[in-house]
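Geometric and topological summary
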Amino acid sequence: MNTMLPSPPIDAASHFRFGVTGITCASCVGRVEKALAQVPGVQSASVNLATETATVATDGSTPAAALATAVEKAGYGVAIEEISMAILGMTCASCVGRVEKALARVPGVQSASVNLATETARIQVLPGTSRESLVDAIAGAGYSIAADDPQAASSVPDDAAAPATPQAQAADRERRHLIIAALLSLPLALPMVGMAFDAHWALPGWWQLALATPVQFWLGARFYKAAWKALKARTGNMDLLVALGTSAGYGLSVYHLIFTQPHHGEPPLYFEASAVIITLILMGKWLEARAKRQTTEAIRALQALRPTTARVRQPDGRETQMPVSQVRVGDAVVVLPGERFPVDGEVLEGRSHADESLISGESLPVPKEFGDRITGGAVNGEGRLLVRTTAVGAESALARIIRLVEDAQAKKAPIQRIVDRVSAVFVPVVVLIALATLLGWGLATGDWTNAVLNAVAVLVIACPCALGLATPTAIMAGTGVAAKAGILIKDAEALETTRGLRTIAFDKTGTLTLGAPKLAALQAVDGDDSRLLSLAAALQQGSEHPLARAVLEAASARGDLPAPAVDTAVLQGRGIEGAVAGEHVVLGSARLMQELGVEPGVLAQVGDEQASQGHSVSWLAAGTRQSLRLVGLLAFGDPPRPEAAEAISLLKEQGIRSVMVSGDNAGAARAVAAALGMDPSDVRADVLPADKADVVRELSADGPVGMVGDGVNDAPALAAAAVGFAMGGGTDVAMHAAGITLMRGDPRLVADAIDVSRRTTRKIHQNLFWAFIYNVVGIPLAAAGLLDPVVAGAAMALSSVSVVSNTLLLRRWSPHAHH
């Protein structure tokens, strides 16, 4: 991690100061300075090796992102900070584009991504960029920042005595406004119903004015305020369209009421149109907000798992209840039956079961006893446990899971870029179409009243809000249901890429097999199996390799655990060597024996037989470095996971090819493949860890490849794949290295991840289709005079509701791994 002096706030577009990572000497300084000096607009650049910071003066036209790109191309990194802000006042996709553009113009901002569904902005900035400059930019665009951090607020459990959050207060206010607007608009709308029965229920014109005015200027004030802010920022949004449309209908009615002298009865009035349109849009916004809250149900369910207190056992044996924030790593925490584990830890005393369904998606309780790992947020079963704390707060597994899901929900899918480009020009184009409709109808027919109504219909049918919600709500729902099933998707790009995978490459050990091999057979050349096992156990002591554990278990069961070997060295991907009682001993694969010139001799046939039975075979040789002779072989059995065959079958049903990539011998790998129903041609055996990435690249010739591994030894292959699946736990570095983390060792989750990716992407496409079709069909109909303004307002209000409701169907998705 780069350590540097605090940077002063960047207060001018012409000066930047930021951290540079990876510089080690004066030549590095020169390279970075030269790279920065070549960026257009840079007047001077100096790099301080001691503080690892760069100071750049520009003419004001150089964006921060250009400087960062120059440093990265020179082979170094830029220290970046990420700031998250909750933004108030956004209503449509045009608002998103406006906020992003405003933030991008702030000196020091590298990138800004705004999510309409979560109403948050994620901003990557150079260190030292002042938060005030970001707030000012957002305010200049016509929006404001929520006073409270939404994430902090959401992490606090519900408390009846706690004051309502700003979001809850806003929801209550919107509901009240909707009810009042409906009550005021109902008498205006009833005559429309009466006309169907040839009844005349119209109120006198001044009564209509009295009812419509508070709807227009009090309950509809939000549209005027937001429209005025948009105009000041020289742009447009949905609120501007609503304000223009309803004001035109209201203004026309006032004009007729005051100045028009009808031949008989009341003059033509359209107060009901403007009032009902505002009421319908308020209803649509209220329904939309409710639906959006449902799309975030998964993340809120995870946040609700965080206990606030823990029962800590003191050194003198007393048990003290204290806030979780005060618990430290190493503390002993007592967890009673039925309580949630407040921390990550290891069991010190007791036996029980843990319900981890909301964290890992594991539907059955998991047995826990001494030494087993505990994940905070899980529910303790029937036993009292004493747990040693290993992680708390932001470092706990649950906190990291929540952070990963929040990051995935906040990021944009690649397809969103198209929507952003459309949204940037949407409102100006709609206003131009409405103006053309007004002039066209007015000049062609001379009926300016009808022309105004048609223009109003054009303005209120336009649905930029539906465009803005189509993609982020689907991503939120998709990543949410996936997280509940134990599938953590890193970002929207991984979600979108997963649906196109054509091949899945599986590591064998621990992925398709249980990863807990047992010693199945051993055969010494001279028949002394006890010596063979003793030499192997001496070499393997201290090793965490699964085969080493199998050897040590077998030796311990025989009561023969020798002293460890000395001068041991791991031969990466091939075996291990060391000295035992003055003798050089090597244990490893057939390939290693071949490299050392050790012949299998009479054991060759035995080795082949063991391999054909699906066993992994290791060979042991002893002697001197110059002259080694074979001592014997050890065969290990690692049975396939019970779910592995179904996982391969599910992938085959999805049209996806499964390939096994293993460092094991060909016989053992093919035996496991046959048991799982895989084609022998889809087995890659005797592959060293470093060569797995090459296999993935070779398979990529037939289309995108996903790699499934444990995220440690398979890291190069996970990185080389289009999507990496880290399997078996969400508490290691794999959560950051892989595109998708599978929270438990169930290979069926791979097929489930692909399924949820396809369904989510399908929802995105459906949502975008409906969002576009509302506008593509509705705007021409309105311009042609075939759409009543009230109907147009209802369609506009329901467009975003239908998009979010369609997204909510994703919540019905159920993974195969639960069956």
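In this text, all values refer to a predicted model and were calculated from it rather than measured experimentally.

Between its terminal C-alpha atoms helix α3 (residues 93-104) stretches 17 Å, which fits the 16 Å expected from twelve residues at 1.5 Å a residue. When you tally the buried positions in α3, you get nine out of twelve residues, the bulk of the element. Of all the residues in α3, the buried ones are Ala93, Ser94, Cys95, Val96, Arg98, Val99, Glu100, Ala102 and Leu103.

On to the sheet that holds strand β5 (residues 81-88). The strand order across the open sheet built from four strands is β6-β7-β5-β8, with neighbouring strands paired in antiparallel fashion. Among the strands making up the open sheet, the edge pair consists of β6 (109-115) and β8 (144-145). With six bridges joining them, β6 and strand β7 (residues 120-125) adopt antiparallel strand pairing. When the bridges of β7 are listed, Ser111 appears paired with Gln124. The sheet contacts of α3 involve β5, β6 and β7, and relative to β6 the element is tilted by about 165°.

Once that is clear, we can look at the nonpolar core. Among the nonpolar cores identified, the biggest contains 127 residues, and Met90, Leu134, Ile487, Ile504, Phe725 and Val750 are the most heavily contacted of them. Setting aside residues up to four positions removed in sequence, Leu134 forms contacts with Ile83, Met85, Leu103, Val106, Val109, Ile123 and Val125. Among the nonpolar cores identified, the runner-up in size contains 27 residues, and Val335, Ala354, Ala378 and Leu385 belong to it.

Among the residues of helix α23 (residues 644-653), Ala644, Ala647, Ile648, Leu650 and Leu651 are the ones counted as buried. Mapping the buried residues of α23 onto a view down its axis gives an arc of 160°, with all of them on the same face. Across from the buried face of α23, at angles greater than 90 degrees, the exposed residues are Lys652 and Glu653. Where α23 is buried, its residues touch β19 (503-507), α18 (508-512), β26 (657-661), α24 (666-676) and α28 (748-783). Positive phi appears at Gly655, one or two residues downstream of α23, with a value of about 80°.

So, about the UniProt feature "transmembrane region" (unreviewed entry) in the protein. UniProt's entry tags residues 178-199, 205-224, 236-258, 270-287, 422-444, 450-470, 768-787 and 793-810 with the feature "transmembrane region" (unreviewed entry), counted in the numbering of this structure. A distance of 23 Å separates the end C-alpha atoms of residues 768-787, which is 80% helix and 0% strand. From the first C-alpha to the last, residues 793-810 spans 28 Å; its make-up is 89% helix and 0% strand.

Each value, and the rule that gives it
- Residues numbered from 1 in each chain as written.
- Predicted model: local features only at pLDDT ≥ 70, side-chain atom pairs only at ≥ 80, totals over all residues.
- Heavy atoms only, no water.
- Helix = DSSP H or I, 4+ residues; strand = E, 2+ residues; numbered from the N terminus.
- Expected span 1.5 Å × (residues − 1).
- Buried < 20%, exposed > 50% of the residue type's maximum accessible area, 1.4 Å probe, protein only.
- Pairing = 2+ DSSP bridges.
- Contact = heavy atoms within 4.5 Å.
- Axes fitted to C-alpha atoms, helices over the stretch in contact; angles between N-to-C directions.
- Core = buried A, V, L, I, M, F, W, Y, C linked by side-chain atoms within 4.5 Å.
- Arc of directions from axis to C-beta.
- UniProt positions renumbered as here; feature names shortened; annotations may be inferred.

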